[in-house]
Amino acid sequence: MAAAHFRASLAFHTDVSDVASALATGDPGFTLLDSRSTAAWDQGHIPGALHLPTALVPEQAERLLDRSVPVVTYCWGPGCNGAARTALALAELGFSVKEMLGGFEYWAREGLEFETREGRGRHSADPLSGLAGARTEEQPPAPAQQLDCGC
């Protein structure tokens, strides 16, 4: 029973590390979707993500998304269920969808580049969310080496 639960969970969840690695290839095989408000999007979002707030999914998803391309949703972080609500709304419309665990919070905490209205930025990696000393703001790792926690 536990194995079935975790198998199903992995079918519908991904994490920051896997998304970052896929985006680094230039052809991730999915559309990354930020489900937060415009104010949150402007504060910072993942480069290459599409902005579609949860409330607008029913009226805009068909126009903005290619049904043949899987969607990965994200919101603020583990304390927010916006990505799950967006994933549910998309699944109910027939889209193939996964939720990115950790959201934008862990994207930024792991020292990955983000975009704001003013341009691109990056914070130093939080040693509690990745390998201590693995990367610095001055010397980011090669994409294949990002976020290797060994798990």
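What counts and how
Residues numbered from 1 in each chain as written. Predicted model: local features only at pLDDT ≥ 70, side-chain atom pairs only at ≥ 80, totals over all residues. Heavy atoms only, no water. Helix = DSSP H or I, 4+ residues; strand = E, 2+ residues; numbered from the N terminus. Buried < 20%, exposed > 50% of the residue type's maximum accessible area, 1.4 Å probe, protein only. Contact = heavy atoms within 4.5 Å. Areas by Shrake-Rupley, 256 points an atom, 1.4 Å probe, with all protein chains shown as cover. Pairing = 2+ DSSP bridges. Right-handed = clockwise from strand over helix to strand, strands pointing away. Polar contact = N/O pair within 3.5 Å; in protein donor to acceptor, adjacent residues only side chain to side chain.

Q: Tell me what's going on with the overall build of the protein chain, and back it up with residues and numbers.
A: Scanning the protein chain from terminus to terminus reveals 6 helices and 7 strands. For the protein chain, the sequential pattern of α-helices and β-strands runs α-β-α-β-α-β-α-β-α-β-α-β-β. Counting only residues that meet the buried cut, the protein chain has 38% of its 151 residues in that class. Excluding contacts between residues fewer than 6 apart, the proportion of contacts in the protein chain whose partners are at least 24 apart in sequence is 63%. Looking at the protein chain as shown, the accessible area adds up to about 8600 Å², and 55% of this sits on carbon and sulfur atoms.

Q: Please provide a residue-by-residue account of the pairing of strand 5 (residues 97–101), values included.
A: With 3 bridges joining them, strand 1 (residues 13–15) and strand 5 adopt parallel strand pairing. By the bridge assignment, D15 is partnered in strand 5 with L101. What joins strand 4 (residues 71–74) to strand 5 is helix 5 (residues 82–92), and the crossover it makes is right-handed.

Q: Requested: an account of the environment of S37, with residues and values cited.
A: Here S37 shows up in the loop between strand 2 (31–34) and helix 3 (38–43). Given the relative accessible area of 39%, S37 is considered partly exposed. In this structure the C-alpha to C-alpha distance between S37 and L52, which are 15 residues apart in sequence, comes to 8.2 Å. Among the polar contacts made by the side chain of S37, one reaches the main-chain amide nitrogen of A40 at a distance of 3.1 Å.

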